[in-house]
Amino acid sequence: MEPIKAHPNTEAVLDAWRRLATGDVSDGSTTDDFPDVVGRLFVLNRVAHGDYAFRRVGAVIERLFGRTLAEHNFLSLWTEHDRPLVAAALGSARSDRAPSLIRARGETLDGRRVELEFALAPLLDAPSAPGRFLGLCQTMTPEETLGGRPLRRLQVIAVYPPAPIA
């Protein structure tokens, strides 16, 4: 399988997740090295089957969607026919205890679009299947394309489940 070319911010978050998962925090990277990342982070809490509530949401994400997202179901942002795909990405990340990646298209009410990349990394704080995720919402095209209008829906372009262990 060919490696996925992810955005540098996505790679930074996934590298940090890998270091935390293995206990290797010797890298020395700080948020100063990636100043645009913090506002794009979010935490999901699995409340029930098909319900992944936002617990924390970065300011950039809330600006993109034009509303407060805390306590809302992450799956509600997606088109109805894409929700099972997104739920499957979360489920595979949860069962494999490794990150999934989603490429998406965000659209405003007046049809303006941006390409997005979502990293969904399970927080491995318990030996059982993880119930929380660290997420990143990274725009791949300039946000100025939206003209300040909020995204109203997300559509899946591609889903990349956790990579098999070599």
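Residues numbered from 1 in each chain as written. Predicted model: local features only at pLDDT ≥ 70, side-chain atom pairs only at ≥ 80, totals over all residues. Heavy atoms only, no water.

Applying the stated criterion to the full structure yields 8 aromatic pairs. Pairing Phe 42 with Phe 118 gives two aromatic rings, centres 6.4 Å apart and planes at 65 degrees, and the pair type is edge-to-face. With Phe 42 in strand β1 (residues 41-48) and Phe 118 in strand β4 (residues 113-122), the pair connects residues that are 76 residues apart, well separated along the chain. Between Phe 74 and Trp 78 the ring centres are 5.9 Å apart and the planes differ by 75 degrees, which places this aromatic pair in the edge-to-face class. Taking relative accessible area as the criterion, Phe 74 reaches 0% and is therefore assigned buried. (Phe/Tyr/Trp six-rings, centres within 6.5 Å; stacked < 30°, edge-to-face > 60°. Helix = DSSP H or I, 4+ residues; strand = E, 2+ residues; numbered from the N terminus. Buried < 20%, exposed > 50% of the residue type's maximum accessible area, 1.4 Å probe, protein only.)

Bringing the sheet that holds β1 into the picture now. Here 6 strands make up an open sheet; going across it, the order is β2-β1-β5-β4-β3-β6 and the pairing antiparallel. In the strand order of this sheet, the two ends are held by β2 (51-57) and β6 (151-160), each with one partner. Neighbour to neighbour, the strand axes of the sheet diverge by 30 degrees on average, direction disregarded. Bridging between β4 and strand β5 (residues 132-139) involves 7 bridges; their strand directions are antiparallel. Note that in β5 the partner of Leu 116 across the bridge is Thr 139. Here helix α1 (residues 8-22) sits on the sheet and contacts β1, β3 (100-108), β4 and β5; the angle it forms with β5, its principal contact strand, is near 160 degrees. Its contacts with the sheet place helix α3 (residues 83-96) against β1, β2, β3, β4, β5 and β6, and it is angled at close to 155 degrees to β3. (Pairing = 2+ DSSP bridges. Axes fitted to C-alpha atoms, helices over the stretch in contact; angles between N-to-C directions. Contact = heavy atoms within 4.5 Å.)

Let us look at unusual backbone geometry. Notably, Glu 71 is not glycine yet its phi reads approximately 75 degrees, a positive angle. Residue position: Glu 71 is located in the loop between α2 (59-65) and α3. One non-glycine residue, Arg 97, lies in positive phi territory at about 55 degrees. Structurally, the position occupied by Arg 97 is in the loop between α3 and β3.

All right, on to the nonpolar core then. Ranked by size, the top nonpolar core spans 29 residues in total, and within it Phe 42, Leu 44, Phe 74, Trp 78, Leu 90 and Phe 118 carry the most contacts. Looking at this core, the elements that each hand over two or more residues are β1, β2, α2, α3, β3, β4, β5 and β6. Apart from the residues lying within four places of it in its own chain, the contact partners of Trp 78 are Arg 83, Val 86, Ile 102, Ala 104, Phe 118, Leu 154, Gln 155 and Val 156. Among the nonpolar cores identified, the runner-up in size contains 6 residues, and Val 13, Leu 14, Leu 101 and Ala 119 belong to it. (Core = buried A, V, L, I, M, F, W, Y, C linked by side-chain atoms within 4.5 Å.)

Below, the discussion takes up the side chain of Glu 107. Structurally, the position occupied by Glu 107 is in strand β3. Side-chain polar atoms of Glu 107 contact the side chain of Arg 153, separated by 2.9 Å. Here Glu 107 is in contact with Arg 112, Arg 113, Leu 151, Arg 152 and Arg 153, once residues within four sequence places are set aside. (Polar contact = N/O pair within 3.5 Å; in protein donor to acceptor, adjacent residues only side chain to side chain.)

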